[in-house]
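# Coordinate analysis (summary)
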2 protein chains.
Amino acid sequence: MSRTKEFDEAEVLDQALELFRVRGFKHTSFSDLTGELGVSRQSLYDTYGDKQTLYQTALKRYLDRSLDGMRRKLDDPAPVRELFTGFFDALISGTCSNGSPGCLMVNSMVELAPHDAATRALAHVHAREIEGIFASRLSVAQRKGEIAQDKDPVALARFLYHTMLGFAVASRALGDRESLRVSARLALQVLG
Amino acid sequence: MSRTKEFDEAEVLDQALELFRVRGFKHTSFSDLTGELGVSRQSLYDTYGDKQTLYQTALKRYLDRSLDGMRRKLDDPAPVRELFTGFFDALISGTCSNGSPGCLMVNSMVELAPHDAATRALAHVHAREIEGIFASRLSVAQRKGEIAQDKDPVALARFLYHTMLGFAVASRALGDRESLRVSARLALQVLG
DNA sequence: TTTATTGCAGAACAAACGTTCTAATAAAGG
DNA sequence: CCTTTATTAGAACGTTTGTTCTGCAATAAA
């Protein structure tokens, strides 16, 4: 019974995500969304709820996808230094790809986290999970003797996370990919 | 001739700056401004121009003040490592002080730089100047033998700038001051 | 004290916002 | 076919936005 949707639910969600990523939450109006996505107002509301809910859904999707990608990329027996070098290079090429809209989560952390509890919660998940992924991979490396015993994998992980945040800002506002790659090399010197 | 203003022009500008810093540009309405600043709409317009101009003026003021402060703090013959450690600690305590609204420039880089040329220009000034301040101080240290000859002061400066950006985001959204201090120590390991 | 000029308060404005209502449309089951 | 249910397009809603207009108050010079 009933009519079928004229658009792909997941695909349109991704388009909305991309729009939010480029323009931010407040700077993206509902008219922008219906215009760019080619979906009517009512359909958006029926499918995703109001603007805030849509944003939150997109952000959650982005977070999940990011974490999955990171886990996959770091689940590799290569030497840590090489591994993280490649990891950061990929991140810089990706996040900083043409037009460089940066990272939706970092953008949200700046625009919304201080005033929206849900976003703040997701930001904390982002931090905790990525630090966890980094730390566990660094621990393995430490057991294999690739990293000195006196280093704290958790502290190293946090540091790498913080530099990641900086890269996201730089790529969005300055977009100097090459010097970010150089910075990544320097950051990874902390591994010893 | 004529009437005198009932408010201090510089002081109110600082209040506006602080409001923008906490809430961002789009999330701060003109009513918010008149309400919190205790100045009438018309007076704000007469004194500072429209909202965008007011923001830009505040941002420029913030930038100048920041750069001056940094120059002053780094104009010190102490050993670089100590000097930068103190510098970052102060920055973390300041930017991350209670409520931690972060850095107005970093917030602007994320919210406005991609779509506002004037903000983007100020962001580039921010980057160039701070990198310059860092680099020149690092060069002095290198000449004094505090830093190995094979290191590139400009690359080091850029790296430190990028980590600074990350700290601003982390302090705004996560507000974990202590682990930022630990990260700062790790970042400064690149000095050798 | 008058006059000229600037500052201020609040009403008023059009435009844009997020959201909802209304009516027409399309598909699937009977 | 008809009925039912869901989807859609577009008008409409009330708010809020940034900005301006209007009228009055205060100051300093003449």
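Here the structure is a predicted model, which is why all the values come from computation and not from measurement. (Residues numbered from 1 in each chain as written. Chains lettered and ligands numbered in written order. Predicted model: local features only at pLDDT ≥ 70, side-chain atom pairs only at ≥ 80, totals over all residues. Heavy atoms only, no water.)

## Let's talk about the interface of chain A and chain B
- The interface of chain A with chain B comprises 41 residues on the first partner and 41 residues on the second.
- Carbon and sulfur atoms make up 72% of the surface buried where chain A meets chain B, a total of about 3,300 Å² over both sides.
- Contact with chain B buries area across many residues of chain A, yet Val110(A), His162(A) and Leu174(A) alone supply 18% of it, more than any other trio.
- Here chain A is connected to chain B by zero salt bridges.
- Linking chain A with chain B are eight residue pairs in polar contact (both at pLDDT 80 or more), by the criterion used here.
- The element contributing the most residues to the side of chain A that touches chain B is helix α8 (residues 153-173) of chain A, with 14 residues. (Contact = heavy atoms within 4.5 Å. Buried area = accessible area lost by both parts, 1.4 Å probe. Salt bridge = Lys/Arg side-chain N within 4 Å of Asp/Glu carboxyl O. Polar contact = N/O pair within 3.5 Å; in protein donor to acceptor, adjacent residues only side chain to side chain. Helix = DSSP H or I, 4+ residues; strand = E, 2+ residues; numbered from the N terminus.)

## Things to note about the protein's contact with DNA strand D
- Around DNA strand D, the structure places 24 residues, and the nearest of them are Ser2(A), Arg3(A), Arg41(B), Gln42(B) and Lys51(B).
- Taking the atoms of DNA strand D that fall within 4 Å of the protein, sugar and phosphate contribute 68% of them.
- Breaking the surface near DNA strand D down by element, the ones donating at least two residues are α3 (41-48) of chain A together with α3 (41-48) of chain B.
- At four residues, the largest contribution of residues to the surface near DNA strand D is made by α3(A).
- The residue makeup of the surface near DNA strand D, split by class, is five nonpolar, ten polar and nine charged. (Near = heavy atom within 4 Å. Nonpolar A, V, L, I, M, F, W, Y, C, P; charged D, E, K, R; others polar.)

## So, the packing of aromatic side chains
Residue and element names in this part refer to chain A.
- This structure, assessed with the given rule, holds 19 aromatic pairs over all chains.
- Taking the centre distance of 6.1 Å and the plane angle of 65° together, the rings of Phe84 and Phe87 count as edge-to-face. Within this pair, Phe84 and its partner Phe87 are both found in helix α5 (residues 80-95), separated by three residues, close to a single helical turn. The pair Phe84 / Phe87 is uniform in exposure class, with both members buried.
- Feature note: the residues Phe84, Phe87, Phe88, Phe134 and Phe167 constitute an aromatic cluster, connected by ring pairs.
- Directly above the aromatic system of Phe25 lies the positively charged group of Lys51, at a separation of 4.3 Å from the ring centroid. (Phe/Tyr/Trp six-rings, centres within 6.5 Å; stacked < 30°, edge-to-face > 60°. Buried < 20%, exposed > 50% of the residue type's maximum accessible area, 1.4 Å probe, protein only. Lys NZ or Arg CZ within 6 Å of the ring centre and 35° of its normal.)

## So, the relation of the copies chain A and chain B
- Each copy of the sequence occupies a distinct position, and chain A is placed on chain B by a rotation of 180° and an axial shift of 0.0 Å, giving an RMSD of 0.1 Å. This pairing of chains is accounted for by a two-fold axis. Of the C-alpha atoms belonging to chain A, the one lying closest to the rotation axis is found on Gly166(A), 1.8 Å away.
- The residues that chain A uses at the interface reappear at the interface of chain B in 100% of cases, marking a shared surface. (Least-squares fit on C-alpha atoms with pLDDT ≥ 70 in both.)

## Focus: the packing of helix α6 (residues 104-111) of chain B against helix α8 (residues 153-173) of chain B
All names here are of chain B.
- Here α6 crosses α8 at 90°, and the two axes come no closer than 10 Å. Regarding the angle of α6 to α8, the classification is roughly perpendicular. When α6 is examined against α8, the residues Val106, Asn107 and Met109 are found in contact with a partner set consisting of Tyr161, Leu165, Ala168, Val169 and Arg172.
- Taken together, the residues of the contact of α6 with α8 sort by class into six nonpolar, one polar and one charged. (Axes fitted to C-alpha atoms, helices over the stretch in contact; angles between N-to-C directions. Parallel < 35°, antiparallel > 145°, perpendicular 65-115°, else oblique.)

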